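Survey of secondary and tertiary structure
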Amino acid sequence: MQCSYYDAGLCRSCGWMGRPYGEQLAAKEDHARGLLADHLLDPGRGGPVDPGARWLPAVASPEAGFRNKAKMVVGGTVEHPTLGILDAAGRGVDLQGCGLYPDELRAAFPAVARFVTLARLEPYDVPARRGELKHVLLTRAPDGRLMVRFVLRSQEAVARIRKHLPTLRADLPTLAVASVNVLPEHKAVLEGDLEIPLTEQQTLTMDVDGVALHLRPRSFFQTNTDVTAALYRQAAQWVATSAPTSVWDLYCGVGGFALHLRAPHVVGVETSEEAVVSARATAAGLGHPATFVAADATAWALAQPAPPDLVVVNPPRRGIGPQLAGWLEDSGVERVVYSSCNAVSLARDLAAMPSLAVREARLFDMFPQTTHYEVAVLLERRANG
């Protein structure tokens, strides 16, 4: 993939832009294999002697047009807003033509920019610490419907946004969910704690292999829908092979893993109450037996009287940490499915769970043109564990 913004030096967010995709994929797999090499299941328990055989073929992504969400920093002026990033001096760099977004998402950007002008939303000037509109966050569902969120410093502009919202809906007929997020602090974060709904509908349906996940404005969802579907299928296959009676899905988010699993008793645990509301709605719609709990995953697991047959974990980049790793090590759980967006923290967690080793692993390339990737592993307790 070639990018005019990268070639012109305007944006270097994609550090591997221009590198042949096959080479990118091989480098990521080499990186993951190197980190996990010391944690493979010992030969002799029905597994292959060749460590390379532990690795299933990597799941590739389209090189372009794969992102289902756009996190656009707003710069420029009311009359001429930019949607993209800020340069080193804090000035807006417009990236509305970025090739990482599908055509349908890119087509929404001009309408959003016009709306900024219409509603008189002053872009936030980072060096001067002045202005209102910090970010515009857009998500596109597989059916083409859109969620648009305006991240503001205050509620001062909410009335104007409501007044002019019919114009935006006319310009974007696929707009299904709109909201304002309030982030008053001057700090490098994406959103604040207060979300103000602007539309009656407040969930976007993200259909992944026939499972209609309900995504609310502040809920996390993977950025690459096609690769996410492959990740869920792989986890479901590993779980089905184990035939567990009970499964815990820790850090379950909106229930993506839990709701793709087939087991008599599935419990999803997630700290975000909003994500749990979404997961419960999806489960009810599907008639899926999973239950969902809003709680800290580690604290909840440690408080349970007995472990399940199998545990799924999908933590943030920091990993599951020593306390949960220690609990898994001592729990007696035979199998764990661990999905990681940071193989470095995964390797650190595996070092804290020496009784659990990698039976199978697979790389999922969620983020072409960058060094980032997702890796999923099926862990099995060693014979002498």
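Let me sum up the structure you'll find in this document.

1. A look at the sheet that holds strand 7 (residues 194–197)
The seven strands lie next to each other as 3-2-1-4-5-6-7, forming an open sheet whose pairing is mixed. The open sheet has two edge strands with one neighbour each: strand 3 (92–94) and strand 7. The mean inter-strand angle of the sheet, taken between neighbouring strand axes irrespective of direction, is 40°. For strand 1 (residues 69–76) and strand 2 (residues 81–86), the ladder comprises four bridges, and the chain directions are antiparallel. By the bridge assignment, Gly76 is partnered in strand 2 with Pro81. Relative to the sheet, helix 4 (residues 109–118) contacts strand 1, strand 2, strand 4 (133–140) and strand 5 (146–152), its axis offset from that of strand 2 by approximately 115°.

2. A few points about unusual backbone geometry
Positive phi values are uncommon outside glycine, yet Arg120 reaches one of about 55°. You can see Arg120 is positioned in the loop between helix 4 and strand 4.

3. A closer look at helix 5 (residues 158–171)
For helix 5, which comprises 14 residues, the first-to-last C-alpha distance of 19 Å matches the rise-based estimate of 20 Å (1.5 Å per residue) to within 8%. Roughly 45° is the biggest bend found in helix 5, and it falls at His164, with proline Pro166 one to four residues downstream. Within the sequence span of helix 5, burial applies to Val158, Ile161, His164, Leu165 and Leu168. In this structure, the buried residues of helix 5 make contact with helix 4, strand 5, strand 6 (175–182) and strand 7.

4. Thoughts on the pairing of strand 2
For a regular strand, the rule is simple: side chains alternate between the two faces of the sheet. Following strand 1, the chain reverses through four residues before pairing antiparallel with strand 2. From the end of strand 2 to the start of strand 3, which pair antiparallel, there are five residues, and Gly90 there has a positive phi angle of about 85°.

5. Observations regarding the nonpolar core
In this structure, Leu121, Leu138, Phe150 and Val180 are the most contacted members of the largest nonpolar core, which totals 45 residues. The dominant element in this core, judged by the number of residues it contributes, is helix 4, at six residues. Apart from residues lying up to four places away in sequence, Phe150 is in contact with Val112, Phe115, Leu121, Leu133, His135, Val136, Ile161, Leu168, Ser179, Val180 and Asn181. Judged by nonpolar contacts, the second largest core, of 43 residues, contains Met147, Tyr232, Ala275 and Ala290.

6. A look at the pattern of salt bridges
Enumeration over the complete set of coordinates arrives at 20 salt bridges. Ionic pairing is found between Glu79 and Arg120, a salt bridge with its closest N-O pair at 2.8 Å. With Glu79 in the loop between strand 1 and strand 2 and Arg120 in the loop between helix 4 and strand 4, this residue pair connects regions lying 41 residues apart in the sequence. Under the relative-accessibility criterion, Glu79 is labelled partly exposed at 44%. A salt bridge links Glu195 to Arg149, with the shortest nitrogen-to-oxygen separation between them at 2.8 Å. With Glu195 in strand 7 and Arg149 in strand 5, this residue pair connects regions lying 46 residues apart in the sequence. Overall, Arg149 belongs to the buried group, its relative accessible area being 5%.

7. Notes on the environment of Ala141
For Ala141, the location among the structural elements is in the loop between strand 4 and strand 5. A relative accessible area of 1% means that Ala141 is categorised as buried. Excluding residues that lie within four positions of it along the chain, Ala141 makes contacts with Leu204, Thr205 and Met206.

8. What about the sheet that holds strand 11 (residues 265–270)?
If you trace the seven strands from one edge of the open sheet to the other, you get 12-11-10-13-14-16-15, paired in mixed fashion. Looking at the sheet topology across the chains shown, the edges are occupied by strand 12 (291–294) and strand 15 (356–364). Shown here is a sheet whose adjacent strand axes are inclined to one another by a mean of 15°, direction ignored. With four bridges connecting them, strand 10 (residues 246–250) and strand 13 (residues 310–313) associate as parallel partners. In the strand pairing of strand 13, Trp248 is matched with Val311. Where helix 9 (residues 321–331) meets the sheet, it contacts strand 10, strand 13, strand 14 (335–340), strand 15 and strand 16 (374–381), and its direction lies at approximately 35° from that of strand 16. In the packing of helix 10 (residues 343–351) onto the sheet, the strands contacted are strand 14, strand 15 and strand 16, and the crossing angle to strand 14 comes to about 155°.

9. Focus on the packing of helix 2 (residues 21–36) against helix 10
Relative to each other, helix 2 and helix 10 sit at 15°, their axes nearing to 9 Å. In terms of their interaxial angle, helix 2 and helix 10 are classed as roughly parallel. In the packing of helix 2 onto helix 10, the handedness of the crossing is right-handed. On the side of helix 2, the interface is formed by His31, Leu35 and Leu36, while helix 10 contributes Ala343, Val344, Leu346, Ala347 and Leu350. Considering only residue class, the contact of helix 2 with helix 10 consists of seven nonpolar, one polar and no charged.

10. Details of the pairing of strand 10
Among the five residues of strand 10, five are classified as buried, and the element is accordingly described as predominantly covered. Of the two faces of strand 10, the one holding Ser246, Trp248 and Leu250 and the one holding Val247 and Asp249 are both buried throughout. As judged from the five bridges shared by strand 10 and strand 11, these two strands associate in the parallel manner. Looking across to strand 11, one finds that Ser246 is bridged to His265.

How each quantity is defined
- Residue indices begin from 1 for each chain and proceed along its sequence in written order.
- Residue-level local features of this predicted model are given only where pLDDT is at least 70; pairs of side-chain atoms are given and counted only at 80 or more, and the full residue set underlies all totals for whole chains, interfaces and linings.
- Neither water nor hydrogens contribute to the side-chain values; these are computed over all heavy atoms in the structure.
- Strand pairing follows a simple DSSP-based rule, namely that at least 2 bridges must link the two strands.
- Under the scheme used here, helices are H or I runs from DSSP no shorter than 4 residues and strands are E runs no shorter than 2 residues, and both carry numbers assigned from the N terminus.
- An axis is simply a line fitted to the C-alpha atoms; with a helix, the fit covers only the stretch in contact. Between two such axes, the angle follows the N-to-C directions and lies from 0 to 180 degrees.
- Throughout, a residue-residue contact means that at least one pair of heavy atoms, one from each residue, lies within 4.5 Å.
- Helix span, expected: 1.5 Å multiplied by one less than the number of residues in the helix.
- At any given residue, the bend is defined as the angle formed between two axes, one fitted to the seven residues that end at that position and one fitted to the seven that begin there.
- In this scheme, a residue with accessible area under 20% of its type's maximum is buried, one over 50% is exposed, and one in between is partly exposed, where area comes from a 1.4 Å probe on protein chains only.
- Throughout, nonpolar core names a set of buried Ala, Val, Leu, Ile, Met, Phe, Trp, Tyr and Cys residues whose side chains join them through atoms within 4.5 Å.
- In the sections that follow, a salt bridge refers to a side-chain nitrogen of Lys or Arg positioned within 4 Å of a carboxyl oxygen of Asp or Glu.
- Any angle that is under 35 degrees is reported as roughly parallel, and any over 145 degrees as roughly antiparallel; angles of 65 to 115 degrees are reported as roughly perpendicular and all others as oblique.
- Each crossing gets its hand from how the near helix is turned against the far one by less than a right angle, where anticlockwise is left-handed and clockwise is right-handed.
- The nonpolar class holds Ala, Val, Leu, Ile, Met, Phe, Trp, Tyr, Cys and Pro. Asp, Glu, Lys and Arg form the charged class, and all remaining residues, Gly among them, are polar.

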